[in-house]
Amino acid sequence: GAVVSQHPSWVICKSGTSVKIECRSLDFQATTMFWYRQFPKQSLMLMATSNEGSKATYEQGVEKDKFLINHASLTLSTLTVTSAHPEDSSFYICSAPAGQNYGYTFGSGTRLTVV
Amino acid sequence: QKEVEQNSGPLSVPEGAIASLNCTYSDRGSQSFFWYRQYSGKSPELIMSIYSNGDKEDGRFTAQLNKASQYVSLLIRDSQPSDSATYLCAVIRLYGNKLVFGAGTILRVKS
């Protein structure tokens, strides 16, 4: 139990275009979803927290207009990287609290490459 | 001072040995503690969670928590080459639900 499905697993896009990443909780309701970014050989950096039915909360230094987060339902949260640039190339991972037995469950991650 | 500190390693141990991974945290009110394993290019997977002082064992893994010392550790017995990965310590503060990660310790198990 407690699975978060994340798609796509990898994407290559041209500079200036937008990319949408989806995370779905398959067997539990995720009222909160955390979005992380990880650069090579670095730890996970929390970008923002999305809550179903309300606006996302962004960490300091993260551009909310560039990283659009929508928590449309109790099972779906999306991150859209708008006007992507090569420096946005990274590994993006979502995570949701899934109860004390499961801790925080992570999606499989999305490798974004902007060319 | 970082909120969650780990030695980056790499920690090298021979196959079959015990690997000991350590983590300290700064927020004394932290209430939940997790160890995640992350293979290169993959997302983290939960190894252990611990919420109260003492030891918690699950198979070859033992998590130890000492809130007075603000210290949490992970022991891996009978280490296998497949245990080679980055181990992330994560903490949830008393007020809030954000998972705060340490930088991770690279473990290498040599056969």
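Up top you'll find the structure we're talking about.
Residues numbered from 1 in each chain as written. Chains lettered and ligands numbered in written order. Predicted model: local features only at pLDDT ≥ 70, side-chain atom pairs only at ≥ 80, totals over all residues. Heavy atoms only, no water.

1. Some words on the sheet that holds strand β1 (residues 4-7) of chain A
All names here are of chain A.
Alright, step 1. If you walk across this open sheet you meet the 4 strands as β1-β3-β8-β7, and the pairing is antiparallel. Either end of the sheet is taken by a strand with one partner, and the two such strands are β1 and β7 (67-73). Across the sheet, the axes of successive neighbouring strands diverge by a mean angle of 15°, strand direction being ignored.
Alright, step 2. As paired elements, β1 and strand β3 (residues 19-25) share 4 bridges and run antiparallel to each other. Looking across to β3, one finds that S5 is bridged to R24. (Pairing = 2+ DSSP bridges. Helix = DSSP H or I, 4+ residues; strand = E, 2+ residues; numbered from the N terminus. Axes fitted to C-alpha atoms, helices over the stretch in contact; angles between N-to-C directions.)

2. Considerations on the sheet that holds strand β1 (residues 4-5) of chain B
Alright, step 1. With respect to topology, 5 strands assemble into an open sheet ordered β1-β3-β8-β7-β6 (chain B), the strand pairing being antiparallel. Two strands in the sheet have a free side with no partner beyond their single neighbour: β1 and β6 (54-58) of chain B.

3. Comments concerning the environment of F106 of chain A
Alright, step 1. Its location among the elements puts F106 of chain A in strand β10 (residues 104-106).
Alright, step 2. Given the relative accessible area of 8%, F106 of chain A is considered buried.
Alright, step 3. When sequence neighbours within four positions are dropped, the list of residues in contact with F106 of chain A reads V4, Y36, L44, I93, C94 and S95 of chain A together with Y36, S43, P44, L99 and F101 of chain B. (Buried < 20%, exposed > 50% of the residue type's maximum accessible area, 1.4 Å probe, protein only. Contact = heavy atoms within 4.5 Å.)

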